Amino acid sequence: MRDQLVKAMQHNQIVNMMYLAKSGEITKRRIKIIKIVGETFQAYCFVRRAKRTFLIVNVLAIIPVVEKGREVV
């Protein structure tokens, strides 16, 4: 999972993340990774509209957000 997080950070991607919270609840977050330090990473969370620190081991899945452009013909 760490490799996927590093790749997303290097490409400056916004990702959807499934995360296991401390309470045991599974949450879905849209984040942009700022930095990775040891076993944690800091990211801007668009759901909370704030910087948050997450544990890498609690990340269940990440999926890059693909924005489709609209064209007027």
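A short tour of the structure in this document, coming up. Sequence order as written defines the numbering, with residues in each chain counted from 1. In view of the model being predicted, local features appear only for residues whose pLDDT reaches at least 70, and side-chain atom pairs are presented and counted only at 80 or more, with totals across whole chains, interfaces and linings using the full set of residues. Where side-chain values are given, they derive from all heavy atoms of the structure, hydrogens and water being excluded.

This part is about the sheet that holds strand 2 (residues 26–37). Taken together, five strands build an open sheet; the order of strands is 4-3-2-1-5 and the sheet is antiparallel. Only two strands of the sheet have a single neighbouring strand rather than two, namely strand 4 (50–55) and strand 5 (59–64). Strand-to-strand, the axes of this sheet are offset by a mean angle of 45°, without reference to chain direction. Sheet analysis places strand 1 (residues 14–20) next to strand 5, joined by five bridges and oriented antiparallel. Counted as the bridge partner of Asn16 is Ile63 from strand 5. Only when DSSP finds a minimum of two bridges between them are two strands counted as paired. Under the scheme used here, helices are H or I runs from DSSP no shorter than 4 residues and strands are E runs no shorter than 2 residues, and both carry numbers assigned from the N terminus. Only C-alpha atoms enter the line fits that serve as axes; for helices the fit covers just the stretch in contact. Angles between N-to-C directions range over 0 to 180 degrees.

Now for the environment of Val37. Looking at where Val37 falls in the secondary structure, it is placed in strand 2. Overall, Val37 belongs to the partly exposed group, its relative accessible area being 48%. Each C-alpha atom of the pair Val37 and Thr53 lies 10.0 Å from the other, and the pair is 16 residues apart in sequence. Think of it in three bands: with a 1.4 Å probe and only protein chains considered, a residue is buried below 20% of the maximum accessible area for its type, exposed above 50%, and partly exposed in between.

Bringing a nonpolar patch on the surface into the picture now. Note that patches include only residues with greater than 30% relative accessible area and no salt bridge, and the join distances are 9 Å for like charges and 5 Å for nonpolar side chains (Val, Leu, Ile, Met, Phe, Trp, Tyr). Computed by Shrake-Rupley with a 1.4 Å probe, the accessible areas treat only the displayed protein chains as cover when residues are assessed. Definition used for salt bridges: Asp or Glu carboxyl oxygen within 4 Å of a side-chain nitrogen of Lys or Arg. Taken together, the side chains of Met18, Leu20, Ile26 and Leu60 make up a nonpolar region of the molecular surface, amounting to roughly 330 Å² of accessible area. Along the chain, the position of Met18 falls in strand 1.

This part is about the nonpolar core. Counting 15 residues, the largest nonpolar core has Leu5, Met17, Ile31, Ile33, Phe41 and Phe54 as the members making the most contacts within it. Among the secondary structure elements, those contributing two or more residues to this core are helix 1 (2–10), strand 1, strand 2, strand 3 (40–45) and strand 5. Residue contacts for Ile33: discarding those within four places in its chain leaves Leu5, Ala8, Met9, Phe41, Gln42 and Ala43. Among buried residues, the Ala, Val, Leu, Ile, Met, Phe, Trp, Tyr and Cys ones that are joined through side-chain atoms within 4.5 Å form a nonpolar core. Any two residues having at least one pair of non-hydrogen atoms within 4.5 Å are treated as being in contact.

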